[in-house]
Each structure stands twice: as structure tokens, then as C-alpha cells.
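Below, each chain spelled out in residue letters.
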Amino acid sequence: MTKFTYADAIRQAIGEEMERDPSVFLIGEDVGEPGGVFGVTKGLWDQFGADRLWDTPISEEAIVGAAVGAALVGARPIAEIMFGDFVTLAMDMIVNQAAKTHYMTGGRLSAPMVVRMVTGTSGSTAAQHSQSLESWFVNVPGLKVVAPSTPHDAKGLLRQAIRDPDPVIFFEHKQQYGGRGGPAGDVVEVEPIPFGTGKVHREGTDVTVVSYLKTREHASAAAETLAEEGISCEVFDPRTLVPFDRAGLRASIAKTGRLVIAHEAPTRGGFGAEIAAWAADECHELLRAPIVRVGALNTPVPYAPVLENHTLPGADRIAASVRRLLDKEPAKEPAKEGDR
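Residues numbered from 1 in each chain as written. Predicted model: local features only at pLDDT ≥ 70, side-chain atom pairs only at ≥ 80, totals over all residues. Heavy atoms only, no water.

A. View of a negative patch on the surface. Taken together, Asp-30, Glu-33, Asp-46 and Asp-55 make up a surface patch of like negative charges. Take Asp-55: its relative accessible area is 40%, and that puts it in the partly exposed class. (Patch = residues over 30% accessible without salt bridge, like charges linked within 9 Å, V, L, I, M, F, W, Y side chains within 5 Å. Areas by Shrake-Rupley, 256 points an atom, 1.4 Å probe, with all protein chains shown as cover. Salt bridge = Lys/Arg side-chain N within 4 Å of Asp/Glu carboxyl O. Lys, Arg positive; Asp, Glu negative; His and termini not counted. Charge placed at Lys NZ, Arg CZ, Asp CG, Glu CD. Buried < 20%, exposed > 50% of the residue type's maximum accessible area, 1.4 Å probe, protein only.)

B. Expanded view of helix H8 (residues 213–227). Taking 1.5 Å of rise per residue, 15 residues should cover 21 Å, and H8 covers 22 Å from first to last C-alpha, within 8% of that figure. When H8 is considered as a whole, its buried residues turn out to be Leu-213, Lys-214, Thr-215, Arg-216, Ala-219, Ser-220, Ala-222, Ala-223 and Leu-226. (Helix = DSSP H or I, 4+ residues; strand = E, 2+ residues; numbered from the N terminus. Expected span 1.5 Å × (residues − 1).)

C. Layout of empty space enclosed by the protein. Scanning all chains against the criterion turns up 2 cavities of 30 Å³ or more. Looking at the largest cavity, its volume works out to about 60 Å³. The wall of the largest cavity is formed by Gly-35, Gly-36, Val-37, Phe-38, Gly-39, Val-40, Thr-41, Glu-80, Met-82, Arg-116, Val-118 and Tyr-177. The computed volume of the second largest cavity comes to approximately 50 Å³. If you go around the second largest cavity, the residues you meet are Ser-132, Glu-134, His-173, Tyr-212, Leu-213, Lys-214, Thr-215, His-263 and Glu-264. At the level of secondary structure, the elements contributing two or more residues to the lining of the second largest cavity comprise H8 and strand S11 (259–266). Here the lining of the second largest cavity gets 3 residues from one element, more than from any other, and that element is H8. Each residue belonging to the lining of the second largest cavity can be placed in one class, and the counts come to 2 nonpolar, 4 polar and 3 charged. (1 Å grid on protein atoms, 1.4 Å probe; cavity = no way out; pocket = protein on both sides within 12 Å on 5 of 7 lines; lining within 4 Å. Points joined across faces, edges and corners; volume = space filled by probe spheres on them. Nonpolar A, V, L, I, M, F, W, Y, C, P; charged D, E, K, R; others polar.)

D. Up close: the pairing of strand S4 (residues 114–119). Most of S4 is tucked away: 6 of the 6 residues are buried. Neither face of S4 is exposed, since Val-114, Arg-116 and Val-118 on one face and Val-115, Met-117 and Thr-119 on the opposite face are all buried. Bridge count for S4 against strand S6 (residues 168–173) is 6 bridges, and the pairing is parallel. Its bridge partner being in S6, Thr-119 is matched across the sheet by His-173. (Pairing = 2+ DSSP bridges.)

E. Region of interest: the packing of aromatic side chains. Within this structure, the stated rule accounts for 7 aromatic pairs. Between Tyr-212 and Phe-271 the ring centres are 6.4 Å apart and the planes differ by 70°, which places this aromatic pair in the edge-to-face class. Within this pair, whereas Tyr-212 is found in the loop between strand S8 (207–210) and H8, its partner Phe-271 is found in helix H10 (residues 271–282), the two being separated by 59 residues in sequence. When its relative accessible area of 2% is taken as the criterion, Tyr-212 is described as buried. The buried category is assigned to Phe-271, whose relative accessible area is 5%. Taken together, the ring pairs connect Tyr-6, Phe-38, Phe-83 and Tyr-177 into an aromatic cluster. (Phe/Tyr/Trp six-rings, centres within 6.5 Å; stacked < 30°, edge-to-face > 60°.)

F. Quick peek at the side chain of Ser-132. Secondary-structure assignment places Ser-132 in the loop between S4 and helix H6 (134–138). For Ser-132, a relative accessible area of 13% corresponds to the buried category. Those residues in contact with Ser-132 that lie beyond four places of it in its chain are Thr-119, Gly-120, Glu-264 and Ala-265. (Contact = heavy atoms within 4.5 Å.)

G. The side chain of Ser-149, seen in detail. Inspection of the secondary structure puts Ser-149 in the loop between strand S5 (144–146) and helix H7 (151–163). Of note is the side chain of Ser-149, whose polar atom sits 3.0 Å from the side chain of Arg-216. Setting aside chain neighbours within four positions, we find Ser-149 in contact with Tyr-6, Gln-176, His-201, Tyr-212, Leu-213, Arg-216, Glu-217 and Asp-237. (Polar contact = N/O pair within 3.5 Å; in protein donor to acceptor, adjacent residues only side chain to side chain.)

H. Seen up close, the packing of H8 against helix H12 (residues 315–325). Closest axis-to-axis distance for the H8/H12 pair is 8 Å, and the angle between their directions is 55°. When the axes of H8 and H12 are compared, the pair comes out oblique. Remark: the crossing between H8 and H12 carries right-handed chirality. When H8 is examined against H12, the residues Thr-215, His-218, Ala-219, Ala-221, Ala-222, Thr-225 and Leu-226 are found in contact with a partner set consisting of Ala-315, Ile-318, Ala-319, Val-322 and Arg-323. The residue makeup of the contact of H8 with H12, split by class, is 8 nonpolar, 3 polar and 1 charged. (Axes fitted to C-alpha atoms, helices over the stretch in contact; angles between N-to-C directions. Parallel < 35°, antiparallel > 145°, perpendicular 65-115°, else oblique. Left-handed = near helix turned anticlockwise from the far one by under 90°.)

I. How the structure looks around the sheet that holds strand S7 (residues 199–202). On the basis of which strands lie adjacent, the open sheet formed by 5 strands has the order S7-S9-S8-S11-S12 and mixed pairing. Two strands bound the open sheet, and with one partner strand each, they are S7 and strand S12 (292–296). Neighbour-to-neighbour, the strand axes of this sheet turn through a mean angle of 25°, independent of strand direction. Strand direction decides the pairing type here: S8 and S11, joined by 3 bridges, are parallel. Paired with Thr-208 across the strands is Leu-259, a residue of S11. H10 contacts S8, S11 and S12 of the sheet and is inclined by roughly 155° relative to S11.

J. Main features of the nonpolar core. In this structure, Ile-94, Met-113, Phe-137, Leu-158 and Leu-249 are the most contacted members of the largest nonpolar core, which totals 79 residues. Among the elements that make up this core, the one with the highest residue count is helix H1 (residues 6–20) (7 residues). In contact with Ile-94, not counting residues within four places along its chain, are Val-64, Val-87, Ala-99, Val-115, Phe-137, Leu-143 and Ile-169. Counting 18 residues, the second largest nonpolar core, distinct from the first, contains Ala-223, Leu-226, Val-235 and Leu-325. (Core = buried A, V, L, I, M, F, W, Y, C linked by side-chain atoms within 4.5 Å.)

It is worth stressing that arrangement in space is one thing and function is another; only the former is reported here.
The structure is reproduced here in C-alpha cells:
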């Protein structure tokens, strides 16, 4: 079998786009010779050197600020936020500068840049290194938001993101990298994947389960379990949150008549709420049951593994939600507001 990990995909996409376009460069903490804390960029230093890989101090504001400035004068920067939790330090640069430039200059300028954001839990990384913050960015006009769940999609979508004329927030789940180290996987050719095109990972007829990033794997695992019980789940991965493949999701709902949305971020205020609101408004005549959202509990992510697992929406919770939706399992007591 071909060995091609999520980390291989990111590394190859960056390397291929840097070879194709000399204006592309990578900036971030330890992205140079060390290859980053997850080893994702290891090997690129030998190929491109210090002119194209800019190691920085621990300063997210400086990383993104330099990227915005470079983008405004013709470069194509890729800024890495080693842990997405600390993007808070660069929010002004992203939200008030990069996202607004095209609009506020009447289309005369743009900021074609990618902010690679390492997201999600990775096993006892605790409350400040485990958050899923994608819903913050889908609320900002001017940004595109990408959240791939497979190595193939990660490579194709990152190549597209680097070429895009607008600022792109690119989420990478740290559990999906596939191990640390350096270049080890085979080179897999993947063309740029257009934004706004979702992907059906599993065909089904009883319920549509929408998910992305690591939780999409949990959704697929839940679908496997439910298939043994005679329940047919369609697993739909939007791949990009902005733009979102509304036509693809509507086609899936038309087949199944039911919708479950799962993501690792807390349910309250998560991107699932936006999907649910859109589906209730635009697909109400297709739905035969209430829309169900499955997300993390409304609590900081605990350090203890057993508590961390309890807060997150794994395959068991997704499967249980599908059973309740189909009246295959007795309803439980409603969750308290603090748990949503």
C-alpha cells in the first residue's frame, strides 16, 4: 500500500508550490531546519534554504503581520500557527487587515496568503493547545476557510489555497499528521481541488452525517457500526467551510431526509449551528426529522485522557445520536445548558 500521510500531503503541497512559484515562501516558528514541532516541514529547508523558509521567534502577531505585508507587495506567503489556540495574538492582522484589504481598497489590493492553523486535540495537550476555533473565522467576510479530512484532500486543497487570490485559513488536525519525523511517504500527484466542492465518503439512504477534519473519521467509523445494525448513513465532508458546498449537501439531504452534524468544537456556537440554520431554511421541505448537532461539551479541554475523551464527540456519540434520531434507541434526559 502507498504510504502517504497527512503530513506528507502538507509538505509536498508546500514544496511543489514553492517550486512552481518563486513568490511563495513559508514563515513560522521552527519551520526551517527543525521542520516544526510536528515534523511537517522537515526536509524543505534542504531544498529551499533560509530565503524561502523564514524561522521566527515565538510571535504569532509578527508571523502573520509579516505575511500580510509581503502579500500586499506581491508575495504568496504561507504563515504557520504552530498551535491554533494562539492565533488570538494575530487576530487583528487576520480579521482587520488581511480580510478587509480587498474591500477597503476598492479591489485595488488583495492579500493572497495562507494561514496554516494546527487545530484540535492530540492527547493530553490540555486547554490551551487543544481548541477547535474554525467558527471564529467563518464569521469574517473576506476569508476562505478550509478543513480537509484526508491526505489527498489536504494536498489538493492546500495547493489551491496557495494559488487563491484571497486570504485562506487552512486548518490541519494534529492527530491526522500520521507521526513525526520527516519525509517518509511516497509522492502522490494531486491536482489543486476547487473550493466549495464537498465529498461523499460513504453513500447512504437513512441519514446524512456531515463532518470534517478528524471528526469525519469518527463519523465514518460510526457509519460502519450502524451499517451492521441495518442503518444506512451517508457521510458528507464539505472540505471547505467557506465557500460551503450547499448544492452537494442539499442533494444528500434529498436522499436521506435526515441530518446529523458533528464537529470537535463545542456544540454551542460551533459551525454546525450555521449548517443547521441553512438546512432548516433551505431544505425544510426535504427534512423528515429534527436536525441533530454533535459537538464537544461546553468546557475547556481537560488534560486527563479519560476526561478529554468524555468531552469530545467520538464515533460512539455520533452513532448514539443517529439511533435516537431514527428512534432506534430510547431518548435520554436533555443536556443541561452548561453542557451544550
